[in-house]
Amino acid sequence: MLHEAQSWQRNKWWLFDRLVESPHRTSFYVRNISDVSKDGNWNQVSRFWYNGRETEPPAGFPAPMEKACEIIEEVVNAEMHKRNRFPLEWGGVPSPSGGKDIIWRANFAASNCYEGAKETVGFHSDRLTNIGPYATIASLSLGTSRAFRLREVIPVDEVDKRAARTYNIPLAHNSVRRCSSLHTMLPDPHLRQLVIMHASTQERFKHSIPPQSTLDRFHPAFPPPSSFPSLTLDPSNCRINITFRFYRPDFHPDKVPKCKCGLPTTLRPDMKKRQRERGTGKGPEQEQSEGEFRYWWTCTAGDQKEGKGCNFWKVMDVKAEGRGPFAKDTT
Ligand SMILES: O=C(O)CCC(=O)C(=O)O
Ligand SMILES: [Fe+2]
């Protein structure tokens, strides 16, 4: 993967009136499965990863990524089957082998490379535009150990009542922990391969890879074979992260509303529950059937247009927009 990572680029976007660049390098891959890789519209979605920038269609998964993905899909499905599901999670499909339903797939992957102790990603929650509400994201770490930090977002009507919870999770090579919005860290050695950001993590928490003052260098158990291509990156100094994501059919690019700029909007959760505070939140019945959060389609065209978007903003209405089937429809 380090060889692959040499071609990854820094993401660039406009923040107000300033062009900023991501403090690490990144790339985006599509899995070679027919429902996504042959659909030109699906191939447009990498632009969401690059803050709306027009991009080439993403490359297919390299062979080692495909191999990891097959294992991860099984682990993630098994983990999800142990948990209660949120109403707006994807409904799933029957398993072709007759086992439990398939309730998560990986059809895209976003990758990040952090070179040295100072490369980072700031606090954010992942955009839900194509992964939908209550998304599950599986995140594999390779190379140097870094910390993964989670910080809770407190709803506006609770800010005076309690402090945000924060968590610092060390991520080693092929490592370690399982994390969820409920923050159960289970010391099960079989699960020590990746971090699963379970459903509601993106709604309730922001996550980051903070800078560090020092780095424990990574020494692989075996030297690379002589056939291995030469590297410009120092393997002992880099962390690679691959996040496997499921882009839902009911959040296909054709179904994403456009803003007044004529560009696809971005889906974000109302993490602070401002709508509830303003008295325009969900009523108890809607909350019961769809969950506690509202979601907004917003214009983010300004990311690529010198900071100038159209301020388009619309609450997602899953019924009117014809989305689903959801977990609530199938259980
Ligand atoms: O490097 C990581 O573990 C986090 C990456 C991340 O937050 C992302 O890809 O959205
Ligand atoms: Fe993220």
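Residues numbered from 1 in each chain as written. Chains lettered and ligands numbered in written order. Predicted model: local features only at pLDDT ≥ 70, side-chain atom pairs only at ≥ 80, totals over all residues.

An unreviewed UniProt entry annotates the chain as Fe2OG dioxygenase domain-containing protein of Hericium alpestre.

A. Main features of the site of ligand 1. Neighbouring residues of ligand 1: Ala110, Asn112, Val121, Asp126, Ser139, Phe148, His207, Ile209, Asn241 and Thr243. If you list the elements that add at least two residues to the shell around ligand 1, you get strand E4 (108–115), strand E10 (205–209) and strand E11 (238–245). For the shell around ligand 1, the class distribution of residues is four nonpolar, five polar and one charged. (Near = placed C-beta within 6 Å. Helix = DSSP H or I, 4+ residues; strand = E, 2+ residues; numbered from the N terminus. Nonpolar A, V, L, I, M, F, W, Y, C, P; charged D, E, K, R; others polar.)

B. How the structure looks around helix H5 (residues 63–81). Over its 19 residues, H5 extends 28 Å from the first C-alpha to the last, a length consistent with the 27 Å expected when each residue adds 1.5 Å. The set of residues buried in H5 consists of Met65, Ala68, Cys69, Ile72, Val76 and Met80. The buried residues of H5 occupy an angular sector of 105° when projected down its axis, which confines them to one face. H5 presents Ala63, Lys67, Glu70, Ile71, Glu74 and Ala78 as exposed residues on the side facing more than 90 degrees away from its buried surface. (Expected span 1.5 Å × (residues − 1). Buried ≥ 20, exposed ≤ 12 C-beta atoms within 10 Å, placed from the backbone. Arc of directions from axis to C-beta.)

C. Spatial organisation of the sheet that holds strand E8 (residues 166–171). If you trace the four strands from one edge of the open sheet to the other, you get E5-E10-E7-E8, paired in antiparallel fashion. Where the open sheet ends on each side, the last strands, each with one partner, are strand E5 (121–124) and E8. Within the sheet, the average angular offset between the axes of one strand and its neighbour, ignoring direction, is 15°. Bridge analysis of strand E7 (residues 146–152) against E10 gives four bridges, and the strand direction is antiparallel. Within the sheet, the bridge partner assigned to Arg151 lies in E10 and is Lys206. (Pairing = 2+ DSSP bridges. Axes fitted to C-alpha atoms, helices over the stretch in contact; angles between N-to-C directions.)

D. Representation of the domain arrangement of the chain in the model. Considered domain by domain, the chain is made up of domain 1 (2–250) and domain 2 (258–330). Computed from C-alpha atoms alone, the centre-to-centre distance between domain 1 and domain 2 is 23 Å. Secondary-structure elements contributing two or more residues to the side of domain 1 that touches domain 2 are strand E1 (9–15) and helix H6 (201–204). For the side of domain 1 that touches domain 2, the residue count by class is 13 nonpolar, seven polar and eight charged. (Domains from an automatic or database assignment.)

E. Seen up close, the nonpolar core. Counting residues in each nonpolar core, the largest one holds 57 residues, and the members touching the most others are Ile72, Ala109, Ala138 and Tyr247. When residues of this core are traced back to their parent elements, those giving at least two are strand E2 (18–30), H5, E4, strand E6 (137–143), strand E9 (194–197), E11 and strand E13 (295–298). Among the elements that take part in this core, H5 stands out by supplying six residues, more than any other. If you count residues domain by domain, this core takes at least three from each of domain 1 (2–250) and domain 2 (258–330). Excluding anything up to four places from it in sequence, Ala138 contacts Ile72, Val76, Ala106, Leu194, Ile196 and Phe244. (Core = buried A, V, L, I, M, F, W, Y, C linked by C-beta atoms within 7 Å. Contact = placed C-beta atoms within 7 Å.)

F. Examining unusual backbone geometry more closely. That bond from Gly324 to Pro325 is cis: its omega, 5°, falls within 30 degrees of zero. Tracing the chain through its elements places Pro325 in the loop between strand E14 (313–315) and helix H9 (327–330). Although it is not a glycine, Ser200 sits at a positive phi angle of roughly 90°. Counting through the fold element by element, Ser200 comes out in the loop between E9 and H6. The class for Ser200 is buried, based on 21 C-beta atoms found within 10 Å. The phi angle at Asn311 is positive, at roughly 60°, despite the residue not being glycine. Looking at the secondary structure, you find Asn311 in the loop between E13 and E14. In this structure Asn311 comes out as exposed when scored by C-beta crowding, with 11 C-beta atoms within 10 Å.

G. Representation of the sheet that holds E14 in the model. Strand order in the open sheet formed by three strands is E12-E13-E14, and the pairing between neighbours is antiparallel. Bordering the open sheet on either side are strand E12 (266–269) and E14, each of which pairs with just one other strand. Across the sheet, the axes of successive neighbouring strands diverge by a mean angle of 30°, strand direction being ignored. By the bridge criterion, four bridges tie E12 to E13 in an arrangement that is antiparallel. Note that in E13 the partner of Arg268 across the bridge is Trp296.

H. Structural view of the pairing of E6. When you tally the buried positions in E6, you get seven out of seven residues, the bulk of the element. For E6 and E9, the ladder comprises four bridges, and the chain directions are antiparallel. Considered in E9, the bridge of Ala138 is made with Ile196. Across six bridges, E6 lies against E11 in antiparallel orientation. Across the sheet, the residue bridging to Leu140 is Ile242, located in E11.

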